[in-house]
Amino acid sequence: MSNRALELAHGRLLSWSADGTPGAVLQEHEGSIQGALALTDGLLSWSEDGALRSWNTQGEPLAVYSGDAEITHCIVQGTQRFVIGDAVGRMIFLCYRDH
């Protein structure tokens, strides 16, 4: 998928590779994107809709965490642990597991 992403209107992201090849349009968020982070095996994105979403290298959604407040920050710890901050001042620790 991508090494880069650009926020589009209506909660969408446009991805592209490091060589400039266009990728997928990621469109699952219901609010403005607050941030995105390229990972070795995909992408993370978070938005004002309170969702943290993970995407695979083809731009398909993998997992979603839905909170009750806008997500403002995300830190990745290792390959499957995340710390997110929300608009009401909470820090939330998440662990992603494949099933």
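Here is what the cut-offs are and how they apply
Residues numbered from 1 in each chain as written. Predicted model: local features only at pLDDT ≥ 70, side-chain atom pairs only at ≥ 80, totals over all residues. Heavy atoms only, no water. 1 Å grid on protein atoms, 1.4 Å probe; cavity = no way out; pocket = protein on both sides within 12 Å on 5 of 7 lines; lining within 4 Å. Points joined across faces, edges and corners; volume = space filled by probe spheres on them. Helix = DSSP H or I, 4+ residues; strand = E, 2+ residues; numbered from the N terminus. Nonpolar A, V, L, I, M, F, W, Y, C, P; charged D, E, K, R; others polar. Core = buried A, V, L, I, M, F, W, Y, C linked by side-chain atoms within 4.5 Å. Buried < 20%, exposed > 50% of the residue type's maximum accessible area, 1.4 Å probe, protein only. Contact = heavy atoms within 4.5 Å. Pairing = 2+ DSSP bridges. Axes fitted to C-alpha atoms, helices over the stretch in contact; angles between N-to-C directions. Salt bridge = Lys/Arg side-chain N within 4 Å of Asp/Glu carboxyl O.

Peer 1: What is the right way to read the layout of surface pockets from this model?
Peer 2: By rolling a water-sized probe across the atoms, one finds the places where empty space is left. What the largest pocket holds in volume is close to 420 Å³. Elements with a contribution of two residues or more to the lining of the largest pocket: strand 5 (42-47), strand 6 (51-55), strand 7 (61-66) and strand 10 (91-95). Partitioning the lining of the largest pocket into residue classes produces 14 nonpolar, six polar and three charged.

Peer 1: Help me understand the nonpolar core, please; the structure alone is not making it clear to me.
Peer 2: Grouped burial of nonpolar side chains is what soluble globular proteins tend to show. In terms of nonpolar packing, the biggest core is built from nine residues, these being Leu44, Trp46, Leu52, Ile71, Cys74, Phe82, Ile84, Ile92 and Leu94. Going through the elements one at a time, strand 5, strand 8 (71-77), strand 9 (81-86) and strand 10 are the ones with two or more residues in this core. When sequence neighbours within four positions are dropped, the list of residues in contact with Leu52 reads Leu44, Ser45, Trp46, Ala63, Val64, Tyr65, Ile71, Cys74, Phe82, Ile84 and Leu94. One finds Leu13, Leu26, Leu43 and Trp55 within the second-largest nonpolar core, a separate group that totals five residues.

Peer 1: For this particular structure, what's the right way to read the sheet that holds strand 5?
Peer 2: Backbone-to-backbone hydrogen bonds pair the strands of a sheet. The strands run either parallel or antiparallel. The antiparallel open sheet is built from four strands, whose spatial order is 4-5-6-7. Here the strands that pair on one side only, and so sit at the sheet edges, are strand 4 (33-39) and strand 7. In this sheet, neighbouring strand axes are inclined to one another by 15° on average, regardless of whether the strands run parallel or antiparallel.

Peer 1: Whenever I open this one, the sheet that holds strand 8 confuses me. Can you help?
Peer 2: Strand order across the open sheet formed by three strands is 8-9-10, with antiparallel pairing between neighbours. Looking at the sheet topology across the chains shown, the edges are occupied by strand 8 and strand 10. The mean inter-strand angle of the sheet, taken between neighbouring strand axes irrespective of direction, is 20°. Judged from the five bridges that link them, strand 9 and strand 10 form a sheet pairing that is antiparallel. For Ile84, the partnering residue across the bridge sits in strand 10 and is Ile92.

Peer 1: I'm lost on the pattern of salt bridges in this one. Help?
Peer 2: Any two side chains of opposite charge can pair, given that their charged atoms come close. Throughout the structure, instances matching the rule amount to two salt bridges. Note that Asp68 is salt-bridged to Arg90, the shortest N-O span being 2.4 Å. Taken as a pair, Asp68 in the loop between strand 7 and strand 8 and Arg90 in the loop between strand 9 and strand 10 lie far apart in primary sequence, 22 residues in all. When the shortest N-O distance is used, the salt bridge between Arg90 and Asp86 registers 2.7 Å. Asp86 sits in the buried class, given a relative accessible area of 8%. What you see here is one network of salt bridges that share partners, running through Asp68, Asp86 and Arg90.

Peer 1: Could you clarify how one ought to interpret the pairing of strand 10 in this entry?
Peer 2: It is a general feature of regular strands that their side chains alternate between the two faces of the sheet. The alternating pattern of strand 10 places Ile92 and Leu94 on a buried face and Met91, Phe93 and Cys95 on a face that is not buried. Hairpin connection between strand 9 and strand 10: a loop of four residues separates the two successive antiparallel strands, and Gly89 in this loop has a positive phi of roughly 90°.

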